[in-house]
Amino acid sequence: MTSTTYEPESGLSELRQRESISSSNDEKHVQVTHEEFHGETHDMLCSTKPFPIDPDEEVETHQLTFRAIFVGCCLGAIVGASNIYLGLKTGFTFGPQLFGAIFGYAIIKPLSKALPESGLLGRFLGGPFGPKENCTVQSAATAAGGIGILFVSAVPAMYRLDLLSELPKMDIGKLIALTVCASFYGVFFVIPLRKYYIVKQKLTFPTPAATAITIRALHNSRTGAVAARKKSLALLYSFVAVFVYKVMTGYAPGLIFDWHIGWTLYRLGFTSIIALENYGWFIEFTPAFFGAGMLSGLNASWSFLGGSVLAWGIIAPSLVKNGLAFGTPASDEFPLVSYVGLSFSNPDKYITAPSPRYWLLWPGVLMMLLYSFADLGMNSGDIVRNIRKAGINWNVLSWFRDDPNYNADDDEDLSPREDRVPTLWWTTGLLASTIMSCAILATMFNMNVGEAILSLVLGFAFSFIGVQSAGTTDVNPISTVAKATQLIFGGVSKGASLASGPAQTVNLTAGVIAAGSAAQSTDMCGDLKTGYLLRAKPRNQFIAQLCGATIAVFLNVGLFILFTTASPCILHPPETGECTYGAPSVSAWAAVAIAVTAPKLPIPKSSGYTAIALGIFAVISVVAKHLWIPKKHWHWVPNWNAVGLAFVVPQVYYSLAMGAGSLFNFFWARRSPAGFDMYMFAVAAGMLAGEGLGGVLQALLAVAKVDGGLYGTAIGCPGLEFCG
C-alpha cells in the first residue's frame, strides 16, 4: 500500500452541507455591485463555477511572481519533509493546500506592505498581494510537497529486496530519474483532466474548494486581515511548540514521549502485564497523529483504533496462543518479545513460523483493496451518468488541437481562453515525458518498451479513478487501487518467465510509475479547481506546478537519503522488526511483490482464509451502506480502509493518538463552534508540520552523531535500552 492521505473532514462541514446548491446562470465575466456580491456569496459554497468578482478587490496585474513561487516551494518543502517522516512512521500524509494558502498569506502579505513597489527588491518581493497570487503560492506548495508517497512505499521496498545498490546514496541518479518519470508525466496529463472533471462534470472537490474559500476570506478587506492574523499565529505557535518538543523527545523518549505502562508495571512486580508491552500497547504523546485525528474525524480515526483493537488486542494474542504465529526474543535479560518481524533468513518461515505482523499483513491488504474497489463500483452509477452528461469526443486527434469552430458563447470553461494552458504546451510535454520515461525505464530498470508504456497507461487510468473519487468524496484511493499494478505485472513477469529478482524489479518500478503519476495528477487537478474558483489563470498555475514538481524531485530524493542514513533499519530491518520507523507501506509493497512473483504464494493458509472472509465482509458492508443505509447514518459504518490499515501498522499508539485527537475535535466543535472554525485546521496543521520537521532535524542530528542515541537517557525504556 502507499501513503494514505487524510484531508480535513470537520472543517468542510459547511461546504458539504451546501454543496448541493447550484446555479445554472454561468457567465464568464461577471461584474456585480456590493449588494449583489454579498447576496451571491452563497454561490461560493456550490463550488461549481468561479466566485463572483468582488467590487472592492484590486485588479491583480501580476499573478505569477518570483515571491509566490519561492514561498510556495519553501512551504511545500516543509510539508514534503513532514510527509516523508509521517509516511515512514505509519503511511499517513496530509495535503499542503490549506497550509500553503494560510502560511503563504502570513508571509507575503506583510512583505507586500513593508517593501516599496519600485527598485530591485520591490520588483521581486514587493507590490500588492491578492487572492490569485495567493493561489499561485498554494499551487507551488502542492507540487513541491507532492510525490513523497514514492519514498515511503515502493522505492524503499526495492532496497529491502536487494534490487538496487546497498545504500540509496549510491543510486542518486536512478532515484532522480525514476522520480522525474512519475512526477512530470502526472503533471502534463492533468490539463485534459481539468477540462473533463472541473469544467464539464463540475465536480465539487471539497478540500480544494475549501482552500479557495479560505483564500477568498483571507483577502476580504473587511474581516480577512483579522482572521488571517489569528489563523497564522495559531499555526505558527503550534508549529514552533511541537517542533521544539519533538527535538527534545529524542533525548528522553521514555520520559516525555513514550509511556511504556506494561514495562513499568512489570518492573513494579506485575510480571504478567509485560504482554501489554510486547504487543505494542503503550502511550505515545505524538502531536502529529493527534492532529491527524483532528483532521480525519471520528469515523476514520475510530475505525483505525477499532482495527488496532481487533488486530493487536484480539487476533494477534490468539495466534500466538494457538501456535499459528510466533515472536522473536528481544532481550536476553527480560521477557521482552517482538511480534513485528517481517524479515526471515529462512523463506519457509513465512508460512511455517510467521510473525503476527506478517500473518495480519494479508487480511489488511486485501481488506483495503476490496473496500476501495467495492466503493468505486457502488459509485460507478454516478460516474457513468456524469460521463454521459458531459459527453466524450472519441476523436482522439481533436483532444490535441484547437477547435477551428470555436465559439466563446458556447464554451463551458469560464476561464478566458488566453489564460488557459496552450494545447501545444501540455501535448509536447506529455510526449516528451512519455519518451523520456520509456528510455529511462528501459536503460536503468530493465523494462522493455511495452512494459514501460503499460505502466504509464495504468497511471493514466488510475488518475481517472483518483480524480473522480477525490472530486466527489474528498478521498484519494490511489494508495490502494494502484496495488492492482503489482497484480497485473505479476502476471506479466510470469508470462515472460522472468527470474525472481528481475520480476520484482519490474513489479515495483511499474508500481512507482503508475501510483506516483496518478497521485500527482490527482493532487494537481484539485489544485486547478482552487484556481478555477478564484478566477486564477490556469497557465500561471501550470508554470507554478512545474516549478514545484522540479523542487519535489530533488527534495524527496535528498530526504530519503537523509532518513535512511540516520535509520538504516528502514531498508534492512532486523529479524525482530524493531525500528524507529515502522514503514508499513514499505512492508506491504515488498510482501506483495514477493507474493505475485513467487512460484508458490508465501501466505499461511489461516491468514489467507481470514483475509478472504474479512474482505468479503468489507464488501458486504459497502454494498449495504450504499443500498440500504440512509446517507445521514453513513458515519456509523466502519471505514474498512482504516481498519485494514490497522492490520498493517503494528504501532497501536498511533491509532490511540488519532482516536484522542478526533474526540477532542468533536467536543471542541460542540462547545465552541466559532473557535473551532477559526483555529482547528491551523492548530492541527501546525502539529503535523512541527513534528515532521522535528523528525527531519532528529535525522540530521543522528547523521552528525549528536543525537539522543549517544547523549540521551534510557530511563523509562523497555529493557533499559534507549528507545528513541
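The rules behind the values
Residues numbered from 1 in each chain as written. Predicted model: local features only at pLDDT ≥ 70, side-chain atom pairs only at ≥ 80, totals over all residues. Heavy atoms only, no water. Helix = DSSP H or I, 4+ residues; strand = E, 2+ residues; numbered from the N terminus. Buried < 20%, exposed > 50% of the residue type's maximum accessible area, 1.4 Å probe, protein only. Contact = heavy atoms within 4.5 Å. Areas by Shrake-Rupley, 256 points an atom, 1.4 Å probe, with all protein chains shown as cover. Expected span 1.5 Å × (residues − 1). Phe/Tyr/Trp six-rings, centres within 6.5 Å; stacked < 30°, edge-to-face > 60°. Lys NZ or Arg CZ within 6 Å of the ring centre and 35° of its normal. Axes fitted to C-alpha atoms, helices over the stretch in contact; angles between N-to-C directions. Parallel < 35°, antiparallel > 145°, perpendicular 65-115°, else oblique. Left-handed = near helix turned anticlockwise from the far one by under 90°. Nonpolar A, V, L, I, M, F, W, Y, C, P; charged D, E, K, R; others polar. Core = buried A, V, L, I, M, F, W, Y, C linked by side-chain atoms within 4.5 Å. Salt bridge = Lys/Arg side-chain N within 4 Å of Asp/Glu carboxyl O. pLDDT = per-residue confidence, 0-100. Disulfide = S-S within 2.5 Å. Patch = residues over 30% accessible without salt bridge, like charges linked within 9 Å, V, L, I, M, F, W, Y side chains within 5 Å.

**Side note on the overall build of the protein**
Counting secondary structure elements, the protein contains 30 helices and 6 strands. Counting only residues that meet the buried cut, the protein has 58% of its 724 residues in that class. Residue pairs in contact within the protein that sit at least 24 positions apart in sequence constitute 83% of those at least 6 positions apart. Of the roughly 29200 Å² that the protein leaves accessible, carbon and sulfur atoms contribute 64%.

**Re helix H28 (residues 652-671)**
The terminal C-alpha atoms of H28, which comprises 20 residues, lie 29 Å apart, in line with the 28 Å expected from a rise of 1.5 Å per residue. Every buried residue of H28 is accounted for by Val652, Tyr653, Tyr654, Ser655, Ala657, Met658, Gly659, Gly661, Ser662, Asn665 and Trp668.

**Some words on the packing of aromatic side chains**
Summed over all chains, the structure comprises 28 aromatic pairs. Note on phenylalanine 282 and tyrosine 653: the rings are 4.6 Å apart at their centroids and 35° apart in plane angle, and the pair reads as tilted. Remark: tyrosine 653 occurs in helix H28 and phenylalanine 282 occurs in the loop between helix H14 (274-278) and strand E4 (283-284); sequence separation between them is 371 residues. In this pair, the class of phenylalanine 282 matches that of tyrosine 653, namely buried. Feature note: the residues Tyr185, Phe189, Tyr197, Phe460 and Phe464 constitute an aromatic cluster, connected by ring pairs. Sitting over the face of the ring of phenylalanine 445, lysine 174 holds its NZ or CZ atom 5.8 Å from the ring centroid. Lying across the ring of tryptophan 425, arginine 539 places its NZ or CZ 5.2 Å from the centre.

**Section: unusual backbone geometry**
The phi angle at asparagine 446 is positive, at roughly 55°, despite the residue not being glycine. For serine 497, which is not a glycine, the phi torsion comes out positive at approximately 55°. Structurally, the position occupied by serine 497 is in the loop between helix H22 (483-495) and helix H23 (500-534). Overall, the relative accessible area of 64% leaves serine 497 in the exposed class.

**Section: the packing of helix H15 (residues 287-321) against helix H17 (residues 356-378)**
At a minimum axis separation of 10 Å, H15 and H17 run at an interaxial angle of 120°. Taken together, the axes of H15 and H17 lie oblique to each other. The hand of the H15/H17 crossing is right-handed. Across the interface between the two elements, Ala311, Trp312, Ile315, Ala316, Leu319 and Val320 of H15 pack against Pro356, Arg357, Trp359 and Leu360 of H17. A per-class count over the contact of H15 with H17 returns 9 nonpolar, no polar and 1 charged.

**A closer look at the nonpolar core**
Counting residues in each nonpolar core, the largest one holds 151 residues, and the members touching the most others are Phe99, Phe151, Val155, Phe289, Phe462, Leu508 and Phe563. Contact partners of phenylalanine 99, with chain neighbours within four places excluded, come to Leu75, Ile78, Val79, Gly104, Leu235, Phe681, Ala685 and Ala689. Ranked by size, the runner-up nonpolar core spans 22 residues in total, among them Trp312, Ala316, Leu360 and Phe647.

**Some remarks on the pattern of salt bridges**
Taken as a whole and judged by the stated rule, the model has 1 salt bridge. Note that glutamate 133 is salt-bridged to arginine 67, the shortest N-O span being 2.6 Å. Placement of the pair is glutamate 133 in helix H6 (residues 131-144) and arginine 67 in helix H3 (residues 66-90), with a sequence separation of 66 residues. Residue glutamate 133 shares its accessibility class with arginine 67, and that shared class is buried.

**Considerations on the confidence of the model for the protein**
Here the protein shows a mean pLDDT of 83. Residues at 70 or above account for 85%. Low pLDDT (under 50) marks residues 1-45, which in the prediction has 130 contacts with non-local residues, meaning those over four places away or in another chain.

**Thoughts on the state of the cysteines**
Scanning all chains against the criterion turns up 2 disulfides. At a sulfur-sulfur separation of 2.0 Å, the disulfide partner of cysteine 569 is cysteine 579. Its S-S torsion of approximately 65° makes the covalent link between cysteine 569 and cysteine 579 right-handed. A residue pair is termed long-range when its members are at least 10 positions apart, and cysteine 569 in the loop between helix H24 (538-566) and helix H25 (584-597) and cysteine 579 in the loop between H24 and H25 qualify at 10 residues. On the accessibility criterion, cysteine 569 (18% relative accessible area) is buried. Note that cysteine 717 is cross-linked by a disulfide to cysteine 723, the S-S spacing being 2.0 Å. An S-S torsion of about -60° defines the bridge between cysteine 717 and cysteine 723 as left-handed.

**Focus on the packing of H23 against H25**
Their axes nearest at 9 Å, the elements H23 and H25 cross at an angle of 130°. Classified by the angle their axes make, H23 and H25 are oblique. As H23 runs across H25, the sense of the crossing is right-handed. Residues Ala503, Gln504, Asn507, Leu508, Gly511 and Ala515 of H23 form the contact with H25, whose participating residues are Trp589, Ala593, Ile594, Val596 and Thr597. Its residues assigned to classes, the contact of H23 with H25 comprises 7 nonpolar, 4 polar and no charged.

**Side note on a nonpolar patch on the surface**
On the surface, Leu236, Tyr237, Val240, Val244, Met248, Leu255, Ile256 and Ile715 cluster together into a nonpolar patch covering about 720 Å² of accessible area. Counting only elements with at least two residues in the nonpolar patch, the list comes to helix H11 (224-249) and helix H12 (253-256). The biggest single contributor to the nonpolar patch is H11, with 5 residues. Along the chain, valine 244 turns up in helix H11. Of the residues examined, valine 244 reaches a relative accessible area of 41% and is grouped as partly exposed.

**Examining the side chain of threonine 530**
Relative to the helices and strands, threonine 530 resides in helix H23. With sequence-adjacent residues up to four places away left out, threonine 530 is seen in contact with Cys135, Gln138, Pro208, Thr211, Ala212 and Ile215.

**Some words on the environment of tryptophan 634**
Along the polypeptide, tryptophan 634 turns up in the loop between helix H26 (605-627) and helix H27 (640-648). Overall, the relative accessible area of 24% leaves tryptophan 634 in the partly exposed class.

**Here we look at the environment of glycine 100**
Within the secondary structure, glycine 100 is located in helix H4 (residues 97-114). Sequence separation between glycine 100 and alanine 140 is 40 residues; the distance between their C-alpha atoms is 8.5 Å.

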